[in-house]
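Each chain, written out:
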Amino acid sequence: MLKLEPRAHPSVWMSWLSPVLAVLLTMACGLLLFMAVGKDPLASLAVFFLEPIKDLRGWSEVGVKLAPLLLISVGLAMCFRANVFNIGAEGQLVLGAITAGAVVLYFDDETAQGGFWLISLALIAGAAGGMLWAGITAFLRDRYNANEILVSLMLVYVAELLLSYLVHGALMDPDGFGFPQSRLFSDGFLLPTVLPGTRLHLGIILALAASLIGWLYLSRSFSGFKLQVGGMAPLAARYAGFSARRSLWVTMLVSGGLAGLAGACEIMGPIGQLTPSVSPGYGFAAIIVAFVGRLHPVGVIFSSFIMALLYIGGELSQSRLGMPSAITGIFQGILLFSLLACDVLIHNRLRWRR
Amino acid sequence: MTPRLALKRITKQYPAVVANDQVDLVVQPGEIHAVLGENGAGKSTLMKIIYGVIKPDQGDIYWNGTETNIAHPAAARDLGIGMVFQHFSLFDTLTVAENIALGLPPDTRLDELERRIADTAQQYGLELQPQRHVHTLSVGECQRVEIMRALLGKPQLLILDEPTSVLTPQAVGKLFETLRQLAAEGCSILYISHKLDEIRALCHTCTVMRGGKVTGVCDPRQETDSSLSRLMIGAEPPAITHHEQDAGQRVLSVRKLSLEKAHPFATRLSDIDFDVHAGEIVGLAGVSGNGQQELLAVLSGEDTRAAPHAIMLDDAAIGRRSAAWRRARGVAFVPEERLGRGAVPELTLAQNILLSHQSGRTVRRGFIRYKAIQRLATDIIRRFNVRAAGPDAAAASLSGGNLQKYIIGREVLRQPRLLLVAQPTWGVDVGAAAQIRAELMGLRDAGCAVLVISEELDELFDIADRLIVMAKGRVSPSIRRSEANMDLIGQWMSGLWPGQTGVSNATAERMHVEA
């Protein structure tokens, strides 16, 4: 019988290297996968990991995907460190898209020019929408001790149906031949691009700023310290007089707000209108990103990058290799699985016992 | 005579520590054999090896003269080895008989079992009603259920792991009678303890362990406390000098404090009255599980459900104030659990400072002052002789005693006006325990009001000025240490104190304070 025995002194080095190992293992599994379906494994892997970053345009596209992933995962890293399991970032993102979209559509007529203030207003509305959605979960948890994992997850589907209802009705483009989508936003309401000639927008700056502020907050501020004590040792937090309710509300609202902001950036950036589907699962992928990034606000920059690669590589392998669209999800799953396996083996030793 | 049990060169190694190093142990039939040692000396590991819970890495076990391999607890029971663990494994919602039946073959008839229980109970003076539900039993009675369970297996060797930590002095006396009778009938008894007086009163032979090794085998009846403790810790415990001192003004007063249970297995607090004055140590005695945990949580502010005026700090009603609020006004608290409550295991010693030091010295404009907490941690480590790699060592890397010294040091350094301490020396080696007691005395001399909650009566008699006793969620009137004795406190621990029969608790307390 195989048995896991805890190691007395798990290597600190290895626990930092574990995400790297996980990425390598994911590549190895990718090789096997491509071989199994009869593709040239190395060439296919290159499509996934090299093709997306072979030129500036490629890098900028990676940045477009990285922005929402990073925004969301910074918030989730905070949540998970405080032991608040917000699984519903996807729903908070959708709500952010709805509220930001509604604001844009309200002000966007022939006379309005958009501009800094209206864009800011729409972004704030997006963050507020995400906070509202996360606030429902926080309230139910706080007041009725409802499990935040279930509540936040179920609210994802509510949010998606709400979006679908709105783009089929109140927010539908009247001249859109009945297609379920809103009007295209005017240029004045779109986020400015960072690199001329690419789609890389302001969202990436916001995301990097969030990561930096998140890092300062968790490592330097007393408030961030309190959150983490609550996550590591709830009894010690109670002993110290740190409020668990406060932790719950702060982390849920911040992560919801960041997810909502990501939703706003998506529709005011690469999408440019409200459609029934505003996210290819960024909210869920960001959970993996947060853990691969070791729940560290700077660590998640690197894991967001890997995840963004997987998204683009998945799209490329559909067109270049004729692989099904599920390929992105498969790679994401293998990545999370490898990370968890590495962590288990770093903290435990495998022993063969009769 | 063939020994009942003989262990030869038993060694058990864990990744970080050698728990048993070439341990020899010989138990004769009908012998009450003590295994004495401090926490962490390897006693429990050795017992688990005998009971088949753990396999030794090396060494042989002889049972009645033949070499034996005890693979699992069921094999141990088949041989005739019974064990009473420190922590009970009983189902609260089942009756005594049903709980015992769980360990027996499925075709056991309950009525027949109840008769056997009643017979055995009578034979050994173990008062026990088979039809009662376990949740209605006291801790001492629960222990009797466990002993009964072991006795029904007709053991030739009975192992008891620290059995008296949950008993009143009177109940200890009863247990000893039962054990002596068992031994007289030929059953061998292995008695695990760190209490010297008990071992000297009860046992025929004593094997002393220190750091996983056997440091001596002796007849405890021929030894003194100091000679035994030299074997156990390699030194004599330093004596504490207690000098009388007049108490100052009242700092904490608890009046008519009642509180419903927070969960089904908690204890309800009812009508609690007592005071703690500046410059005195009040000792709260009691068998564990009688509401001490709940009372502490209410006093520290971890539980804020009490009526505001039930707890007064000076002139402020603090029943509903948070732990942080109370701390800011000079309350300090050392909880029973060090890792996970008094300190966060994963964080460094320096970071753990922030659990109780949250003033401008350590936190400025919402940001942590790392240099300041680093300095504080270094100070504590030096002043209190904490054996640690430095302020950046993780709390989990310290031994229990060193972490306790660190936590006490952290609270002492805040110069509190009121210190609440639970089990200050529980699981701490004798040297560190003496140091901790001296720190508490020093704090008292400096005018701090100290409330010590402890299951060790000796400790309370050592350091407290006044004693109060907790039983079934109530608190007795206070009594001066000089007027108290073990027997009296033992009676009070079962809930029988004068206030119960007419005199109200508050009057009795006033009488004692003024006396």
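Residues numbered from 1 in each chain as written. Chains lettered and ligands numbered in written order. Predicted model: local features only at pLDDT ≥ 70, side-chain atom pairs only at ≥ 80, totals over all residues.

The subject of this paragraph is the overall build of chain A. Helix and strand counts for chain A stand at 13 helices and two strands. Among the 354 residues that make up chain A, the fraction classed as buried is 48%. Residue pairs at least 24 apart in sequence account for 78% of intrachain contacts in chain A once pairs closer than 6 positions are excluded. (Helix = DSSP H or I, 4+ residues; strand = E, 2+ residues; numbered from the N terminus. Buried ≥ 20, exposed ≤ 12 C-beta atoms within 10 Å, placed from the backbone. Contact = placed C-beta atoms within 7 Å.)

Domain boundaries in chain B define domain 1 (5-233), domain 2 (238-330 + 416-515) and domain 3 (338-415). Placing a centre on the C-alpha atoms of domain 1 of chain B and another on those of domain 3 of chain B gives a separation of 39 Å. (Domains from an automatic or database assignment.)

Further remarks concern the nonpolar core. Formed by 156 residues in total, the largest nonpolar core has its most connected members in B:Ile159, B:Ile189, B:Val450, B:Val452 and B:Val469. Those residues in contact with B:Ile159 that lie beyond four places of it in its chain are B:Met47, B:Ile50, B:Tyr51, B:Ile81, B:Met83, B:Val84 and B:Leu190. The next biggest cluster of nonpolar side chains, apart from the first, holds 93 residues, and it includes A:Leu93, A:Leu248, A:Phe284 and A:Leu339. (Core = buried A, V, L, I, M, F, W, Y, C linked by C-beta atoms within 7 Å.)

Residues and elements named next belong to chain B. Sheet analysis places strand β3 (residues 32-36) next to strand β9 (residues 205-210), joined by four bridges and oriented parallel. Looking at β9, one finds that Leu 36 is bridged to Val 208. In this sheet, strand β10 (residues 213-218) lies alongside β9 in antiparallel orientation, the contact comprising five bridges. Residue pairing across strands places Met 209 opposite Val 214, the latter belonging to β10. If you look at the hairpin formed by β9 and β10, you'll find two residues sitting between the two strands, and Gly 211 has a positive phi there, around 55°. (Pairing = 2+ DSSP bridges.)

Our focus in this paragraph is the packing of helix α5 (residues 116-144) of chain A against helix α10 (residues 244-271) of chain A. Residues and elements named next belong to chain A. Remark: α5 packs on α10, axes separated minimally by 6 Å, with the N-to-C direction vectors making an angle of 145°. Both α5 and α10 take part in a crossing whose hand is right-handed. Of the residues that constitute the contact of α5 with α10, the class distribution is 17 nonpolar, 10 polar and three charged. (Axes fitted to C-alpha atoms, helices over the stretch in contact; angles between N-to-C directions. Left-handed = near helix turned anticlockwise from the far one by under 90°. Nonpolar A, V, L, I, M, F, W, Y, C, P; charged D, E, K, R; others polar.)

This next bit is on helix α6 (residues 169-184) of chain B. Residues and elements named next belong to chain B. For α6, which comprises 16 residues, the first-to-last C-alpha distance of 23 Å matches the rise-based estimate of 22 Å (1.5 Å per residue) to within 8%. Residues Ala 171, Leu 175, Leu 179, Leu 182 and Ala 183 constitute the buried set of α6. The buried residues of α6 all sit within an arc of 115° when viewed along its axis, so they share a single face. Across from the buried face of α6, at angles greater than 90 degrees, the exposed residues are Glu 177 and Ala 184. Looking at the buried positions of α6, the neighbouring elements they touch are β3, α4 (110-124), α5 (139-152), β7 (157-161), β8 (188-193) and α7 (196-202). Gly 186 lies just past α6 and shows a positive phi near 105°. (Expected span 1.5 Å × (residues − 1). Arc of directions from axis to C-beta.)

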